[in-house]
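# Structural characterization, general
Listed here are the chains, written in short residue letters.
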Amino acid sequence: MAKFDQKFSEVQSDIKSTPGLGKSMAKWGALGAVVAIPVPFVGPIFGAAAGAGYAYLKAKKKI
């Protein structure tokens, strides 16, 4: 569980220190949620998480 907490705080600090990353994650998360609407119940939740994760990984690749 400690590794998860460490990774979570690392991601938070990356988001705070990288300008525009939070905005990009929000945009991609919204797009992922919209695309996943046809999947019942949990589709938009996983779609938003996948979109935000994509934006985060895309930003980390640039660094």
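Residues numbered from 1 in each chain as written. Predicted model: local features only at pLDDT ≥ 70, side-chain atom pairs only at ≥ 80, totals over all residues. Heavy atoms only, no water.

### What to know about the overall build of the protein
- Regarding its fold elements, the protein presents three helices and zero strands.
- Secondary structure elements of the protein, listed N to C terminal, follow the sequence α-α-α.
- Across its three principal directions, the C-alpha atoms of the protein cover 35 × 30 × 15 Å.
- Taken over 63 residues, the protein has a buried fraction of 22%.
- When contacts within the protein are restricted to residue pairs at least 6 apart in sequence, those whose partners lie at least 24 apart make up 47%.
- Per element, the accessible surface of the protein, about 4,900 Å² overall, is 72% carbon and sulfur. (Helix = DSSP H or I, 4+ residues; strand = E, 2+ residues; numbered from the N terminus. Buried < 20%, exposed > 50% of the residue type's maximum accessible area, 1.4 Å probe, protein only. Contact = heavy atoms within 4.5 Å. Areas by Shrake-Rupley, 256 points an atom, 1.4 Å probe, with all protein chains shown as cover.)

### So, helix α2 (residues 21–35)
- With 15 residues, α2 extends 21 Å from end C-alpha to end C-alpha; this agrees with the ideal 21 Å at 1.5 Å per step.
- Among all positions in α2, only L21, M25, G29, G32 and A33 are buried. Viewed along the axis of α2, the buried residues span an arc of 100 degrees, placing them on a single side of the element. Away from its buried face, by an angle of more than 90 degrees, α2 presents the exposed residues K23, K27, V34 and V35. (Expected span 1.5 Å × (residues − 1). Arc of directions from axis to C-beta.)

### A short note on the environment of V39
- Along the polypeptide, V39 turns up in the loop between α2 and α3 (43–62).
- In this structure the C-alpha to C-alpha distance between V39 and V11, which are 28 residues apart in sequence, comes to 28 Å.

### Section: a nonpolar patch on the surface
- A cluster of nonpolar side chains, contributed by F41, V42, I45 and F46, occupies part of the molecular surface with about 520 Å² of accessible area.
- Considering the arrangement of structural elements, one finds F46 in helix α3. (Patch = residues over 30% accessible without salt bridge, like charges linked within 9 Å, V, L, I, M, F, W, Y side chains within 5 Å. Salt bridge = Lys/Arg side-chain N within 4 Å of Asp/Glu carboxyl O.)

### As for the environment of L31
- Tracing the chain through its elements places L31 in helix α2.
- It is 9.5 Å that separates the C-alpha atoms of L31 and P44, two residues lying 13 residues apart in sequence.

### Re the nonpolar core
- By size, the foremost hydrophobic cluster in this structure holds six residues: L21, M25, A52, A55, Y56 and A59.
- Those elements that place two or more of their residues in this core are α2 and α3.
- If one sorts the elements of this core by residue count, α3 sits on top with four residues.
- Among residues more than four places away in sequence, those in contact with M25 are I15, A52, A55 and Y56. (Core = buried A, V, L, I, M, F, W, Y, C linked by side-chain atoms within 4.5 Å.)

### Brief notes about the confidence of the model for the protein
- Looking at the protein, the pLDDT average stands at 82 and 94% of residues meet or exceed 70.
- The lowest-confidence element of the protein is helix α1 (residues 2–17), averaging 79 in pLDDT; the highest-confidence one is α2, averaging 87. (pLDDT = per-residue confidence, 0-100.)

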